[in-house]
Structure formats: structure tokens, C-alpha cells
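Residue-level structural notes
Each chain, letter by letter, is given below.
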Amino acid sequence: MAEPLWRPQGRARRTTRTTRTLRVRASAAVMAVIVLAVLVVPPLVQLDQQAVDLAAKLQPPSWAHPFGTDDVGRDLLLRCVYGLRVSLLVGLVAALVATLIGTAVGAAAGALGGWTDRVAMRVVDTLSSIPHLLLGIFIVAVFRPGVWPVVASVAVTHWLSTARIVRAEVLSLRGRPYVDAAVSGGASRWRVAVRHLVPGILPQAGLAAVLMIPHAMWHESALSFLGLGLPAHQASLGSLVQSARGSLLAGDWWPTLFPGLLLIVPTLAIAGLAGAWRERQNPRRRSELTL
């Protein structure tokens, strides 16, 4: 019997694979443009982001000012680039620090077990019961406004989920046959951890760090929006949105739209790349998605 020329299942699988490829390429292209902009634009464009021109205040987007100007005539494109630069810096550093803390706590809790596991998880549960934003506000309020207090507040409040993920992965790895074989062969606990457990948790820890970057960016923007993040003279996406509230009520939409888009677009791009990474790390899940 001749095979049918049209196979719905095969066509659906190809369509899903093509859509996933396009999503990954679009996300990578967007992130490449963003990284290139924050690295190249400030050194090349020799303009002061704080330069005030009251004669050009609240001008809509044009060739001279692609993002328009704010309420004191400052170029919004340049200020958005500087604000995105700060947000990415805070997101990257805070995600790295939070991942290191969460990985250390989760790995110790899962590998050692016993009292170490119980105490570590009770600490995680206690801190998780406190709203992240309130705890971040308390930490920032203790110090003077600046980048590093914001990084510290984000890192201290965002390592909890990583600790849970790493602990669960370590507990799963401890039951694998090759770990049992290493223990039966006389391998020390340190050797088992270094040779078998740590390499097994690195993909999950890396994925958690990538997914934490946009979360940290939004956290920093929320603090800056409330006036508790960066100093007033330093551009931040959150402070740009906060300063544009009066303009929005007056009908000037561009001072709010473009900083908001520069928060949403990197979040979607990083989510697309992280989703592709997760599917690559888990072939079983990838095969289920294509059915």
C-alpha cells in the first residue's frame, strides 16, 4: 500500500521545528543589537545625556531625535541606551551573584543532607515568605543610592529559587547508578561531588542564571521607579518611566513607551533563548513538544 503524500504529524513537527528556529534566531538577533548598542553607542556618540535644551522639550520622535525628547529637552534615545546599559549591568551581576549563592546552598543541602538540608531549606522557606520587593527596599534603604546596593538587594532576594532547583537536581543525581558505583568503589564524598554532582547541576544553574537576568532588570527598574535605586542624575529605565508620568497624563506617549519597550523586548529575547537552551538540555521534553 502506497504511503500517503501528506502526513499531518510530520508536517506539524516540521512546523514546530521551523517556528522554534525562527524564534531562536530572532531572539539572538535582538540580543545582539541590544548588546552592540549599549557597548558601542556611548563611546561613539560624544553627547551628554544630561544636556538640557528647553527649546526642544517634549518633541515627538523625528529624524533628529528618533525616540523624541523628555520634559527638559534631553534626547530620549541616548538616555534609554544609558538606562538599558545600567539595567543589563545590574541584571548580569545580580544574576551571577544570586546563582553562586543559590548553587552553593542548594548543592550543600542536597549533598550533605541531614541537619544541613533541614536548616538550609528552613532558611529558604523563611526568606521566601517575605515579598522580594519589600526586602529589596529595606536593603537599599540602608545604603546610599547607587548601583551596588541595588545589585546586593537583587542578589540577596533572588537566590532562593536557584537553591531549590539545585537541591532537587542534586537529590536526583544522588540516586543515579554511576553515583552509587562511585560510592561503592570507595570514592570520597568530595570526589563524588566534584566529578559527578557539580557537572550535573551546572546546566540547570546556568539556565537559572539566564532566566534571572530579566527578573533582576525588572526588580532594579521597580526600585528606581520608586526613587530607591540609582541617583537622580543617573539614567535608568525605571527612573525614565517614573519621570515621564506627568508627560503621559498630558498626552505625550513617547517618554513612557520607549523605556517600557526596552524592558519588555530584552525580556522576551532572553526568554526565547532560555527556552531553546532548556529544550536542548532536556531531549525528552523536546520530543514531547514536537508530538
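Residues numbered from 1 in each chain as written. Predicted model: local features only at pLDDT ≥ 70, side-chain atom pairs only at ≥ 80, totals over all residues. Heavy atoms only, no water.

Here we look at the environment of Ala 29
Selection rule: The way it works is that DSSP assigns letters per residue, a run of H or I at least four long becomes a helix, a run of E at least two long becomes a strand, and they are numbered from the N terminus. Note on exposure labels: buried denotes an accessible area under 20% of the residue type's maximum, exposed denotes more than 50%, and partly exposed covers the range between, all computed with a 1.4 Å probe on protein chains only.
Relative to the helices and strands, Ala 29 is located in helix α1 (residues 8–44). Overall, the relative accessible area of 41% leaves Ala 29 in the partly exposed class. For Ala 29 and Ala 269, which are 240 residues apart along the polypeptide, the C-alpha to C-alpha distance reads 8.7 Å.

Section: unusual backbone geometry
Of note, the phi angle at Leu 58 is positive, near 50 degrees, even though the residue is not glycine. With respect to the helices and strands, the residue Leu 58 is situated in the loop between α1 and α2 (76–112). Note on Leu 58: relative accessible area 26%, which makes it partly exposed.

Points about empty space enclosed by the protein
Our working definition: Cavity and pocket criteria rest on a 1 Å grid covering protein atoms alone: a 1.4 Å probe that fits but cannot get out defines a cavity, protein on both sides within 12 Å along at least 5 of 7 lines defines an open pocket, and an atom within 4 Å of a point defines a lining residue. Grid points are joined across faces, edges and corners, and a volume is the space filled by probe spheres set on the points. Here the nonpolar group is Ala, Val, Leu, Ile, Met, Phe, Trp, Tyr, Cys and Pro; Asp, Glu, Lys and Arg are the charged ones; every other residue, Gly included, is treated as polar.
Summed over all chains, the structure comprises one cavity of 30 Å³ or more. When its volume is computed, the largest cavity comes out at roughly 80 Å³. Asp 70, Asp 71, Arg 74, Leu 76, Arg 79, Leu 240, Ser 243, Ala 244, Ser 247 and Pro 255 are the residues that line the largest cavity. Looking at side-chain class alone, the lining of the largest cavity contains four nonpolar, two polar and four charged residues.

With respect to the packing of aromatic side chains
Using the following cut-off: Aromatic pairing here means that ring centres of Phe, Tyr or Trp (its six-membered ring) are within 6.5 Å. Orientation follows from the plane angle: under 30 degrees is stacked, over 60 is edge-to-face, and everything else is tilted.
If you walk through the whole model with that rule in mind, you get three aromatic pairs. An angle of 90 degrees between the planes, with centres 5.6 Å apart, marks the rings of Trp 253 and Trp 254 as edge-to-face. By relative accessible area, Trp 253 is classed as partly exposed at 44%. Put simply, the rings of Phe 67, Trp 253, Trp 254 and Phe 258 touch in pairs and so form one group of aromatic residues.

Let's talk about the environment of Leu 96
Topologically, Leu 96 is positioned in helix α2. Separated by 112 residues in the primary sequence, Leu 96 and Ala 208 have C-alpha atoms spaced 9.7 Å apart.

Some points on the packing of α2 against helix α5 (residues 147–157)
Formally: Axes here mean lines fitted to C-alpha atoms, for a helix over just the part in contact, with angles spanning 0 to 180 degrees between N-to-C directions. For classification purposes, an angle smaller than 35 degrees is called roughly parallel, one larger than 145 roughly antiparallel, one from 65 to 115 roughly perpendicular, and anything else oblique. In a left-handed crossing the near helix is turned counterclockwise from the far helix by less than a right angle, and in a right-handed crossing that turn is clockwise. By the convention used here, residues are in contact when the closest approach between their heavy atoms is within 4.5 Å.
Viewed as axis vectors pointing N to C, α2 and α5 meet at an angle of 45 degrees, and their least axial separation amounts to 8 Å. By the angle between their directions, the pair α2 and α5 is classed as oblique. At the point where α2 passes α5, the crossing takes the right-handed sense. Contacts between α2 and α5 involve Leu 89, Val 90, Val 93, Ala 94, Val 97 and Ala 98 from the first element and Val 147, Trp 148, Val 150, Val 151, Val 154 and Ala 155 from the second. Split by residue class, the contact of α2 with α5 holds twelve nonpolar, no polar and no charged.

Digging into the pattern of salt bridges
A pair can form between side chains of opposite charge whenever their charged atoms are brought close. Filter applied, for reference: For this analysis, a salt bridge means a side-chain nitrogen from Lys or Arg found within 4 Å of a carboxyl oxygen belonging to Asp or Glu.
With the rule as written, the count across this model stands at five salt bridges. Residues Asp 70 and Arg 79 are paired through a salt bridge, measuring 4.0 Å at the closest nitrogen-oxygen approach. Asp 125 is the partner of Arg 122 in a salt bridge, and the nearest nitrogen-oxygen pair spans 2.9 Å. A residue pair is termed a helical-turn pair when its members lie 3 or 4 positions apart in one helix, as Arg 122 and Asp 125 do in helix α3 (residues 114–128) at three residues. With a relative accessible area of 48%, Arg 122 lands in the partly exposed category. Linked through salt bridges whose partners overlap, the residues forming this network are Asp 70, Arg 74 and Arg 79.

Here we look at the confidence of the model for the protein
Our working definition: pLDDT measures how confident the predictor is about each residue, on a scale from 0 to 100.
Taken as a whole, the protein shows an average pLDDT of 79; of its residues, 86% reach a score of 70 or greater. At the low end of the mean pLDDT range in the protein sits helix α12 (residues 283–289), at 41; at the high end sits α3, at 88.

Quick look at a nonpolar patch on the surface
Here is the rule we go by: Any residue with relative accessible area above 30% and no salt bridge may belong to a patch, with like charges joined within 9 Å and the nonpolar Val, Leu, Ile, Met, Phe, Trp and Tyr side chains within 5 Å. Per-residue and other accessible areas follow the Shrake-Rupley method at a 1.4 Å probe size, with only the shown protein chains counted as cover for residues.
Residues Leu 248, Trp 253, Leu 257, Leu 261 and Val 265 make up a contiguous nonpolar surface patch of about 420 Å² in total accessible area. Tallying contributions element by element places helix α11 (residues 254–281) first for the nonpolar patch, with three residues. Examined against the element boundaries, Leu 261 turns out to sit in helix α11.

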